[in-house]
Amino acid sequence: KSVLKDAYAGKFYIGTALNESQIEGKNEKEVALVKEQFNAIVAENCMKSERIHPEENTYDFTLPDKFVAFGEQNGMQINGHTLIWHSQAPEWFFEDGDGNTVSREVLIQRMKEHIHTVVGRYKGRVKTWDVVNEAVLDNGNLRKSKFYEIIGEDYLKLAFEFAREADPEAKLYYNDYSTALPEKRKGIVRMVRKLQEQGVSIDGIGMQGHVDINTPAIEEFEKSILAFSELGVKVMITEFDMTVLPSPWEKTGAEVSAKFEYSKEMDPYKEGLPHNIVRTFDSRCAAFFKLFLKHEDKISRVTFWGVNDGNSWRNNWPVPGRTDYPLLFDRNNQPKSAIDSILA
Ligand code: XIL
């Protein structure tokens with residue numbers, strides 16, 4: 001039987017993202033599969049600020065504590081996701097008691113308290129943190145998030161400094177999606193280089209890797225691995241999955257923030273996948289893993305965003321209610337043929 005973590009032992013960790021029911025041990029088959037196949041874990045949602053820090057003086061460590069304990073009991077590398085992100089952040093973070101926007105000083109203080117508390121609690125146990133998530137736009141400019149608007153570009157430097165104070169040993173990462181886009185690649189390189197010039201200690205760049213069966217070009221992905229590692233940092237593939245469904249972006253030409261309605265033509269594989277799509281999926285997965293292996297000296301971890309097709313977020317994003325097949329295990333936790341292609 002093929003075991004992913006054994007196949008890549010000594011090269012890079014093979015990780016998966018755990019959802020709430022897996023962390024609570026509710027789905028025994030999925031939990032068994034996680035233990036069998038993976039040696040690294042990340043929390044899909046429960047460490048995001050709106051979950052772990054829902055109100056100013058209220059933290060909810062229930063699930064995060066279970067998540068970390070699960071990793072330790074099973075000898076897995078434990079990864080933290082994510083400290084500073086514009087999305088899934090609680091409203092209160094940016095507002096005072098009267099609903100007005102907080103001052104720069106207050107937001108910096110809140111960032112500091114949040115990062116010190118969360119990172120400090122798991123010091124020495126959570127080995128890597130996605131300190132900042134998705135700060136760069138596809139055009140390479142910095143995202144005008146509330147952190148940026150209220151604090152200014154300095155919020156990036158401060159986030160890494162606070163995390164470093166809280167756990168000097170943890171590996172600190174910048175994480176983003178669509179990192180193979182040339183303009184975005186350049187923007188990330190610019191941003192990280194600037195941080196390094198300011199003396200900020202940053203250990204790596206996470207490439208989320210939410211790809212689809214047609215894009216991005218493998219060569220562009222490789223250029224990003226090379227450009228990032230030339231900064232002297234490690235690269236991780238943090239959220240790998242490969243949607244087989246039609247892309248609504250191309251169809252509408254809309255901004256990423258646009259909302260899409262469910263439509264039948266957007267959901268063609270409800271009854272199963274045709275063989276030609278399976279073959280394309282398998283060979284593209286194999287091509288990506290061939291690339292990761294080629295650069296195993298630069299890559300510390302490859303993590304899948306979910307355990308099986310049934311619990312992938314891709315079934316609901318960017319169009320809700322579709323049937324997608326983006327991972328290596330099917331809805332019954334059985335290995336898909338893509339695993340053979342990858343390992344071959
Ligand atoms: C997604 C989760 O998978 C969903 O369950 C949730 O509803 C939204 O967030 N980039 C990230 C991840 O960094 O945190 C996102 O996870 C997927 C995109």
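Keep in mind that what you see is a predicted model, and the values were worked out from it rather than measured.

Enquirer: Hey, could you run me through the overall build of the protein in this one?
Expert: Along the backbone of the protein there are 13 helices and nine strands. In terms of C-alpha radius of gyration, the protein reaches 20 Å, essentially the compact-globule figure of 20 Å for 344 residues. Counting only C-alpha atoms, the protein reaches 55 × 45 × 40 Å along its principal axes. By the burial criterion, 44% of the 344 residues in the protein qualify as buried.

Enquirer: Which parts of the structure should I look at to understand the environment of N139?
Expert: Topologically, N139 is positioned in the loop between β4 (128-133) and α7 (146-151). According to the C-beta neighbour criterion, N139 is exposed, with 10 such atoms within 10 Å.

Enquirer: Before we go on, may I ask you to explain the site of the ligand in this structure?
Expert: The immediate surroundings of the ligand are formed by E44, N45, N133, Y177, Q208, E239 and W313. A breakdown of the residues in the shell around the ligand according to their chemical character gives two nonpolar, three polar and two charged.

Enquirer: Mind showing me how you'd approach the pairing of strand β1 (residues 13-18) here?
Expert: It is a general feature of regular strands that their side chains alternate between the two faces of the sheet. Burial analysis of β1 places six of its six residues in the buried class, the great majority of the element. By the alternation rule, side chains of β1 split into Y13, G15 and A17 and I14, T16 and L18, which are all buried. As judged from the four bridges shared by β1 and strand β9 (residues 299-304), these two strands associate in the parallel manner. Note on β9: the bridge partner recorded for T16 is F304. Bridge count for β1 against strand β2 (residues 40-43) is four bridges, and the pairing is parallel. When the sheet's bridge partners are listed, A17 is paired in β2 with V42.

Enquirer: What exactly am I supposed to notice about the environment of L172 here?
Expert: By the secondary structure assignment, L172 is in strand β5 (residues 171-176). Look at L172 and you get buried, because 24 C-beta atoms sit within 10 Å. Excluding its chain neighbours within four sequence positions, the residues that come into contact with L172 are W129, V131, F160, A163, R164, S201, I202 and D203.

Enquirer: Even after reading the chapter, I still don't get unusual backbone geometry, so can you show me in this structure?
Expert: Generally, phi is negative for residues other than glycine and the peptide bonds are trans, each holding for most cases. In this model, H81 is joined to T82 through a cis peptide bond whose omega is -5 degrees. Structurally, the position occupied by T82 is in strand β3 (residues 77-84). The omega torsion of the bond from W317 to P318 falls at 0 degrees, within 30 degrees of zero and hence cis. For E134, which is not glycine, the phi torsion reads 60 degrees and is therefore positive. Position of E134 among the secondary structure elements: in the loop between β4 and α7. Of note, the phi angle at N333 is positive, near 65 degrees, even though the residue is not glycine. When you line up the elements, N333 lands in the loop between β9 and α13 (337-343). We classify N333 as partly exposed; it has 18 C-beta atoms within 10 Å.

Enquirer: Before we go on, may I ask you to explain the confidence of the model for the protein in this structure?
Expert: The predicted coordinates ought not to be read in detail in places where the model reports low pLDDT. Here the protein averages 96 in pLDDT, and 97% of its residues register 70 or above. Overall fold confidence for the complex sits at a pTM of 0.97, while the interface term, ipTM, reaches 0.99.

Enquirer: Which parts of the structure should I look at to understand the nonpolar core?
Expert: Generally speaking, a soluble globular protein has its nonpolar side chains buried in company with each other. Grouped together as the largest cluster of nonpolar side chains are 87 residues, with contacts concentrated most on I115, W129, V131, A159, A163 and I205. Top contributing element to this core by residue count: helix α8 (residues 154-166), with seven residues. Apart from the residues within four sequence positions on either side, A163 is in contact with L83, I115, V119, W129, V131, A170 and L172.

Enquirer: When you look at the packing of helix α10 (residues 218-229) against helix α12 (residues 275-294) in this model, what are you seeing that I'm missing?
Expert: A pair of packed helices can be characterised by two numbers: the angle between their axes and the separation between those axes. Where α10 meets α12, the closest approach of the two axes is 11 Å, and the angle between their N-to-C directions is 25 degrees. Classed by the angle they form, the pair α10 and α12 counts as roughly parallel. Once α10 is placed against α12, the crossing between them reads as right-handed. Where α10 approaches α12, its residues I218, F221 and E222 are matched on the opposing element by A287, F288 and L291.

Enquirer: Would you mind going over α12 with me for this structure?
Expert: Since one α-helical turn is 3.6 residues long, residues separated by three or four positions face the same way. When the terminal C-alpha atoms of α12 are compared, their 28 Å separation across 20 residues agrees well with the 28 Å that a helix rising 1.5 Å per residue should span. Taken together, the buried positions of α12 are occupied by F281, D282, R284, C285, F289 and F292. Buried residues along α12 sit in contact with β8 (234-243), β9 and α13.

Enquirer: Where do I start with the packing of helix α9 (residues 182-197) against α10 in this structure?
Expert: It is at 10 Å that the axes of α9 and α10 come closest, and there the two elements cross at 10 degrees. The orientation of α9 with respect to α10, classified from their angle, is roughly parallel. Residues P182, R185 and V189 of α9 pack against E220, K223, S224 and A227 of α10. Class assignment of the residues belonging to the contact of α9 with α10 gives a composition of three nonpolar, one polar and three charged.

Enquirer: It is not clear to me how the pairing of β3 should be interpreted in this structure. Could you clarify?
Expert: Counting buried residues in β3 gives eight out of eight residues, a clear majority hidden from the surface. By the bridge criterion, three bridges tie β2 to β3 in an arrangement that is parallel. Across the sheet, the residue bridging to A40 is Q77, located in β3. Here four bridges tie β3 to β4, and the two strands are oriented parallel to one another.

What counts, and where the lines are drawn
Residues numbered from 1 in each chain as written. Predicted model: local features only at pLDDT ≥ 70, side-chain atom pairs only at ≥ 80, totals over all residues. Helix = DSSP H or I, 4+ residues; strand = E, 2+ residues; numbered from the N terminus. Rg over C-alpha atoms; globule rule 2.2 N^0.38 Å. Buried ≥ 20, exposed ≤ 12 C-beta atoms within 10 Å, placed from the backbone. Near = placed C-beta within 6 Å. Nonpolar A, V, L, I, M, F, W, Y, C, P; charged D, E, K, R; others polar. Pairing = 2+ DSSP bridges. Contact = placed C-beta atoms within 7 Å. pLDDT = per-residue confidence, 0-100. Core = buried A, V, L, I, M, F, W, Y, C linked by C-beta atoms within 7 Å. Axes fitted to C-alpha atoms, helices over the stretch in contact; angles between N-to-C directions. Parallel < 35°, antiparallel > 145°, perpendicular 65-115°, else oblique. Left-handed = near helix turned anticlockwise from the far one by under 90°. Expected span 1.5 Å × (residues − 1).

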